[in-house]
Amino acid sequence: MELIQDTADLSAYLAADEVIDHHHPVVRATAARLAEEVADSYAYAQAAYEFVRDTVPHSADTDDPRVTWRASDVLALRTGICHAKAHALAALLRAEDIPTALCYQRLTHDDGGGHVLHGLVAVRFRGAWHRQDPRGNKPGVDARFSLDGERLAWVPDPASDEADHPVLYAAPHPAVVGALKAARDRPHLWRTLPGGL
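Keep in mind that this is a model prediction, so the values were computed, not measured.

Asker: What is the right way to read the packing of aromatic side chains from this model?
Answerer: A ring pair, where both rings are aromatic, is described by two values, the distance of the centres and the angle of the planes. What the rule picks out here adds up to five aromatic pairs. By way of ring pairs, the aromatic residues Tyr 42, Tyr 49, Phe 125 and Phe 145 are connected into one cluster. The lysine or arginine in question, Lys 181, covers the ring of Trp 69, its NZ or CZ lying 4.9 Å from the ring centre. Across the ring face of Trp 190, the terminal group of Arg 186 is positioned such that the distance to the ring centre comes to 5.6 Å.

Listed below in structure tokens is the structure:
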């Protein structure tokens, strides 16, 4: 699949906004702590990825009802669904000047009834984009940071009408952000997350 930037302006993939608030002190402090322990931007990207994947539990795995959507809140509260974790990772990467996009997959909903969007990121290294999934590992899920072939949580099944969306968004998709902001709790969010773009 060919990944497609939604804007040719690479600086858009470094921007801060209400969701990817990499100017926030919590994001800055976390980024600085991670950067102290690595030698280069590649090692930083891997460290940031593993930090979000492994130290911010996916709220469905822990049955946490809270809904986070802003990167700084995800890092402060240490909880979030895939989209929230992708926002946090994007903020940490952009804080260290690594171009990062938001991207999506259409997957079968956990309850088997319809589809839901799954959120991940893409980082730009070696002149190309590389998708990464910080969702968090669990039995049956073994996502890893990789620039040499994707190691994502899931591979969409076309027979189940699942699909990878090729667009690399500079800002989180408004339908996703709207659902996250409007959700009273995670069970409510599960009923209102979009099934496609």
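Asker: Can you walk me through the pattern of salt bridges in this structure?
Answerer: Working definition: two side chains of opposite charge can pair if their charged atoms are close together. Counted under the stated rule, the structure contains 14 salt bridges. The closest approach of N and O atoms between Arg 106 and Asp 161, which form a salt bridge, is 3.0 Å. Placement of Arg 106 in strand 2 (residues 100-108) and of Asp 161 in the loop between strand 4 (128-132) and strand 5 (163-164) is noted, with a sequence separation of 55 residues between them. Its salt-bridge partner being Arg 131, residue Asp 164 comes within 2.9 Å of it at the nearest N-O pair. Taken together, the positions of Asp 164 in strand 5 and Arg 131 in strand 4 put the pair 33 residues apart, joining distant regions of the chain. The buried category is assigned to Arg 131, whose relative accessible area is 3%.

Asker: Explain the pairing of strand 3 (residues 115-125) here, please?
Answerer: Two faces belong to every sheet, and in a regular strand the side chains alternate between them. In terms of residue burial, strand 3 counts as a mostly covered element, since ten of its eleven residues are buried. Bridging between strand 2 and strand 3 involves nine bridges; their strand directions are antiparallel. From the neighbouring strand, Leu 102 faces strand 3, where its bridge partner is Val 121. Across five bridges, strand 3 lies against strand 4 in antiparallel orientation. Within strand 4, the residue paired with Val 121 across the bridge is Gln 132. Between strand 3 and the antiparallel strand that follows it, strand 4, lie two residues; Arg 126 among them carries a positive phi value of about 55 degrees.

Asker: Before we go on, may I ask you to explain the packing of helix 2 (residues 41-55) against helix 5 (residues 82-95) in this structure?
Answerer: A pair of packed helices is captured by two measures, namely the crossing angle of their axes and the spacing between those axes. Two elements in contact, helix 2 and helix 5, have axes whose closest approach is 10 Å; the angle formed by their N-to-C orientations is 155 degrees. What the angle tells us is that helix 2 and helix 5 run roughly antiparallel. Regarding helix 2 and helix 5, the two cross each other, and that crossing is right-handed. Residues Tyr 44, Ala 45, Ala 48, Tyr 49, Phe 51, Val 52 and Arg 53 of helix 2 form the contact with helix 5, whose participating residues are Lys 85, Ala 88, Leu 89, Leu 92 and Leu 93. Counted by class, the contact of helix 2 with helix 5 contains ten nonpolar, no polar and two charged residues.

Asker: What's the story with the sheet that holds strand 5 in this structure? I'm lost.
Answerer: Picture the strands of a sheet paired through backbone hydrogen bonds; they go either parallel or antiparallel. Taken together, the four strands give an open sheet; going across it, the order is 4-3-2-5, and neighbouring strands pair in antiparallel fashion. Looking at the sheet topology across the chains shown, the edges are occupied by strand 4 and strand 5. Running at roughly 15 degrees to strand 3, helix 5 makes contact with strand 2 and strand 3 of the sheet.

Asker: Just checking my understanding: could you explain unusual backbone geometry for this structure?
Answerer: Trans is the prevailing form of peptide bonds, just as negative phi is the prevailing case for residues other than glycine. Not every positive phi belongs to a glycine, and Asp 97 is a case in point at roughly 60 degrees. On the basis of relative accessibility, which here comes to 61%, the residue Asp 97 falls in the exposed class. Unusually for a residue other than glycine, Arg 126 sits at a positive phi of about 55 degrees. As for its position among the elements, Arg 126 is in the loop between strand 3 and strand 4. The exposed category is assigned to Arg 126, whose relative accessible area is 62%.

Asker: I'm lost on the nonpolar core in this one. Help?
Answerer: Note on soluble globular proteins: their nonpolar side chains tend to be buried together. Within the largest apolar cluster, 47 residues are counted, with the highest numbers of intra-cluster contacts made by Tyr 44, Leu 92 and Leu 93. Looking at this core, the elements with two or more residues in it are helix 1 (25-36), helix 2, helix 4 (71-77), helix 5, strand 2, strand 3 and helix 6 (174-182). Top contributing element to this core by residue count: helix 5, with nine residues. Residue contacts for Leu 92: discarding those within four places in its chain leaves Val 27, Thr 30, Ala 31, Leu 34, Tyr 44, Ala 48, Phe 51, Val 52 and Leu 75. Counting ten residues, the second largest nonpolar core, distinct from the first, contains Ala 12, Tyr 13, Leu 120 and Ala 122.

Basis of the calculations
- Residues numbered from 1 in each chain as written.
- Predicted model: local features only at pLDDT ≥ 70, side-chain atom pairs only at ≥ 80, totals over all residues.
- Heavy atoms only, no water.
- Phe/Tyr/Trp six-rings, centres within 6.5 Å; stacked < 30°, edge-to-face > 60°.
- Lys NZ or Arg CZ within 6 Å of the ring centre and 35° of its normal.
- Salt bridge = Lys/Arg side-chain N within 4 Å of Asp/Glu carboxyl O.
- Helix = DSSP H or I, 4+ residues; strand = E, 2+ residues; numbered from the N terminus.
- Buried < 20%, exposed > 50% of the residue type's maximum accessible area, 1.4 Å probe, protein only.
- Pairing = 2+ DSSP bridges.
- Axes fitted to C-alpha atoms, helices over the stretch in contact; angles between N-to-C directions.
- Parallel < 35°, antiparallel > 145°, perpendicular 65-115°, else oblique.
- Left-handed = near helix turned anticlockwise from the far one by under 90°.
- Contact = heavy atoms within 4.5 Å.
- Nonpolar A, V, L, I, M, F, W, Y, C, P; charged D, E, K, R; others polar.
- Core = buried A, V, L, I, M, F, W, Y, C linked by side-chain atoms within 4.5 Å.

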